Amino acid sequence: MDSEPTDLHALLRSLRVWDPAVTELPPFDPAEAPGDPLALFTRWFAEAVAAGQREPHTVTLATADAEGLPDARVVMLHGADEAGWSFATHAGSRKGRQLAARPYAALVFHWPVLGRQVRVRGPVAVAPAEEARADLHARSTGALAAALTGRQSEELGSPEELARAGEAAWERAEREPRTPVPSWTLYRLRPDEVEFFQGDARRRHVRLVYRRDRAPQDGWHTGLLWP
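Along each chain, residue indices are assigned from 1 in the same order as the chain's sequence is written. Owing to the predicted nature of the model, reporting of local features is limited to residues with pLDDT of at least 70; listing and counting of side-chain atom pairs is limited to 80 or more, with chain, interface and lining totals taken over all residues. Side-chain metrics rest on all non-hydrogen atoms present in the structure, leaving aside hydrogens and water.

## Details of the overall build of the protein
Right, so step 1: In DSSP terms, a helix is any run of H or I states spanning at least four residues, a strand is any run of E spanning at least two, and both are numbered starting from the N terminus. Tallying secondary structure elements over the protein gives six helices and 10 strands in all.
Right, so step 2: The C-alpha extent of the protein, read off along each of the three principal axes, is 65 × 55 × 40 Å.
Right, so step 3: Taken across its 227 residues, the protein has 37% of its residues classed as buried.
Right, so step 4: In short, Shrake-Rupley with a 1.4 Å probe defines the accessible areas, and a residue's cover is counted only from the protein chains shown. Of the roughly 13,800 Å² that the protein leaves accessible, carbon and sulfur atoms contribute 54%.
Right, so step 5: Two residue types count as positive, namely Lys and Arg, and two as negative, namely Asp and Glu; His and chain ends fall outside the count. By convention, the charge on Lys lies at NZ, on Arg at CZ, on Asp at CG and on Glu at CD. When the 28 positive and 32 negative side-chain charges of the protein are each reduced to one mean point, those points stand 3 Å apart. For every residue, the accessible area (1.4 Å probe, protein chains only) is compared with the maximum for its type, and the residue is labelled buried under 20%, exposed over 50%, or partly exposed between those bounds.

Encoded structure:
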């Protein structure tokens, strides 16, 4: 028996934003924010973990192709330090090719359990190959197997083809856990701008933006944005 068609617009109107049953909107005073966005990001990330946010390390990565057309997907954050925010992929994947043509990207973290977002954008550089290898081999067998499967973003002939390649890659990852994957690339986004968004129940959202200074020193200055 066929199910009843879904009224998408009615469903959308039925949903709540920041339901008090599952969301806490903590106060955020931008005057008390640290001078470096990395310190605030680290604090907010830890608070998202403590609040029970599921997969807080997942992040939307936005890039543009050679024609300037935008693209986006969800990836995993591999680290964040003074060198930048790190993520990884195959150099020959769609995002890898886009970054080669236009080495600039944006990241968006969404932590709805606290009504928070963090937006990061800036130029992207390739980390040294030895760092990419160390990063991959520090991860799970499944991560290595996925990297060994390769051919990311290429056309797939059938699910059976993927199953065969995936099984072979998993067996090799278990047998040779230090197997190198030359195409696996670690990227670092060194931000020019980082925005912290704290939602407010009365829609008086706080938006604190850090922008990188240029000369004479490579520091940061901050400002507020209208919500």
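## A short note on the pattern of salt bridges
When charged atoms on two side chains of opposite charge get close, those side chains can pair.
Right, so step 1: Salt bridge, as applied in this entry: a Lys or Arg side-chain nitrogen positioned within 4 Å of an Asp or Glu carboxyl oxygen. Under the counting rule described, the total for this entry stands at 14 salt bridges.
Right, so step 2: Notably, a salt bridge pairs Arg119 with Glu195, separated by 2.7 Å at the nearest N-O pair. A residue pair is termed long-range when its members are at least 10 positions apart, and Arg119 in strand S6 (residues 116–126) and Glu195 in strand S8 (residues 193–198) qualify at 76 residues.
Right, so step 3: Each of Asp71, Arg73 and Arg94 takes part in one network of salt bridges that share partners.

## Considering helix H5 (residues 141–149)
Right, so step 1: Considered for burial, the residues of H5 that qualify are Leu144, Ala145 and Ala147. Down the axis, H5 shows its buried residues gathered within 160° of arc, on one side only.
Right, so step 2: Phi turns positive one or two residues past the end of H5, at Gly150, with a value near 65°. The directions considered for the arc run from the helix axis to the C-beta atoms.

## Some points on the side chain of Asp65
Right, so step 1: Along the chain, Asp65 turns up in the loop between strand S1 (58–64) and strand S2 (70–76).
Right, so step 2: For the buried Asp65, which has no salt bridge, the nearest side chain bearing the opposite charge is Arg102, at an N-O separation of 5.5 Å.
Right, so step 3: A 3.5 Å cut-off defines polar contacts: any pair of N or O atoms within that distance qualifies, except that in protein one atom must be a possible hydrogen donor and the other a possible acceptor, and neighbouring residues in sequence count only when both atoms are side-chain atoms. For Asp65, the side chain forms a polar contact with the main-chain nitrogen of Leu69, separated by 2.8 Å.
Right, so step 4: Leave out the neighbours within four places in its chain, and Asp65 touches Gln98 and Arg102. Contacts were defined at the residue level, with two residues in contact if any of their heavy atoms lie within 4.5 Å.

Spatial relationships are all this shows, so hold off on functional conclusions.
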